[in-house]
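As a plain string of letters, each chain reads:
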Amino acid sequence: MRVLTWEAFTGPALPGQPLWSPWSSSTPQVVYQSGASTECPLYLGLDRALLNRYVQALTRAWRLVGLGPGDRVSLFDFGSSPLVFLASAFYTPYLGRGAAEHLGCTPICNDGEPTMGSRALDILRFVNPRVMFIRRDCVPSWLQDVETRAFPVNTHLSRLVVADDEAVLSERQRGDLEEKLKLPVVRLLRVDLAFFLAAECPDCRAFHTWDDLYRVNILDEETQTPLSFGEVGLLATAPRFGRRRKERPIYLSRVRARQASPGCPRGASDLRLEVLS
Ligand SMILES: [Zn+2]
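This report concerns the structure included in the present document. (Residues numbered from 1 in each chain as written. Predicted model: local features only at pLDDT ≥ 70, side-chain atom pairs only at ≥ 80, totals over all residues.)

## Quick word on the pairing of strand E13 (residues 233–239)
Of all seven residues in E13, seven are buried; the element is thus mostly enclosed. Bridge count between strand E12 (residues 214–219) and E13: six bridges; the pairing is antiparallel. Looking at E13, one finds that Leu-219 is bridged to Leu-234. As paired elements, E13 and strand E14 (residues 250–260) share four bridges and run antiparallel to each other. Each bridged residue has a counterpart across the sheet, and for Ala-236 the counterpart in E14 is Leu-252. (Buried ≥ 20, exposed ≤ 12 C-beta atoms within 10 Å, placed from the backbone. Helix = DSSP H or I, 4+ residues; strand = E, 2+ residues; numbered from the N terminus. Pairing = 2+ DSSP bridges.)

As C-alpha cells, then:
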C-alpha cells in the first residue's frame, strides 16, 4: 500500500507551485481548483466517467440527509466546491446529470463569500429550501446575520448541513448550533484531494460512505500502517474510480476517525465512520 501524505504530496514548500491530484484524469473535461485558501493551487481533473462516479457520492449524501423528489436545496459555497459543481448539469459542462437531476431536486446556489449570509437568508425566505449546505467558515458571519435579523431559520428550513474539507465541527459545536437555530444540523466531510465525501447520518450519527466508491483505511499516525477495527487513527482514502489501480496511492488525510460496524437502516451496506474533530 503506497501511502501519500499531504506533506509528501506538496513536498518542500514551494509558494505558488501548482499541484495536480494524483487521481485526476489525464484527459479531463473539467479542471477545478480546490481549496482557494490552500497555500498552493490544487487542481483536479475529471473526465466524464470520474464526474459520474463523484456525482453518485454526492447523490447518496443528499439522499442520506433527507433530500428527495421535489425538494429545493440551497448551496452556500463557492462554485469550485464539489458540493456545488456536482449539484447540477446546469452548473458544469459535461456533467450530464448532477445530484439534482438524479434525485429530482432543484438547487439554488448563493455564493462562497462568508459576507453573503444575508442573501442566504433571503434565499431561505423566498425559496424555502428543505436543506441548506453551508461551508463551515461561512457559519459565524451567517449566524450574525441570523441574529441581527432575528430570522426564524427553522420556519424556512428543515435541516442544515455544515461541510468542510478534511475537518468537521465537533459534536459540541454541532449541538450548540442546533440549540441556537432550533434546527437539526448534520455534518459533511470532504477530502477534496481524493474526491472523497462522507455525510453524517441523521439517525445513527456516524458518517456514511460507500465501499464501491472509496477505499477506506484507518492508519496509525506514526507508522502509517492499518489499525484494528474500531481503533482511532487517521482516515486514509482513495477513490475506486479514476486512474489505473496500480498507479493509485491511498491518501492519508488529517482527519481522525474510527470505523463502526455497518448495518444502519438508512444504508445497510454503507461504510460507517465515527469522525473526531
Ligand atoms: Zn446511519
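## Observations concerning the packing of helix H5 (residues 117–127) against helix H6 (residues 139–148)
Here H5 crosses H6 at 60 degrees, and the two axes come no closer than 8 Å. What the angle tells us is that H5 and H6 run oblique. When you trace H5 past H6, the crossing you get is right-handed. Packed against H5, whose contacting residues are Gly-117, Ser-118, Ala-120 and Leu-121, the element H6 presents Ser-141, Trp-142, Asp-145 and Val-146 at the interface. Looking at the contact of H5 with H6 residue by residue, the classes come out as four nonpolar, three polar and one charged. (Axes fitted to C-alpha atoms, helices over the stretch in contact; angles between N-to-C directions. Parallel < 35°, antiparallel > 145°, perpendicular 65-115°, else oblique. Left-handed = near helix turned anticlockwise from the far one by under 90°. Contact = placed C-beta atoms within 7 Å. Nonpolar A, V, L, I, M, F, W, Y, C, P; charged D, E, K, R; others polar.)

## Focus on H6
Side chains three or four residues apart in an α-helix point the same way, a direct result of the helix having 3.6 residues per turn. Within the span of H6, buried status applies to Val-139, Trp-142 and Val-146. Burial along H6 is one-sided: seen end-on, the buried residues are contained in an arc of 65 degrees. Opposite the buried face of H6, by more than 90 degrees, sit the exposed residues Pro-140, Glu-147 and Thr-148. Where H6 is buried, its residues meet H5, strand E7 (131–135) and strand E8 (159–165). Where H6 ends, the next residue or the one after it, Ala-150, has phi of about 45 degrees, a positive value. (Arc of directions from axis to C-beta.)

Shape descriptors only; they carry no functional weight alone.
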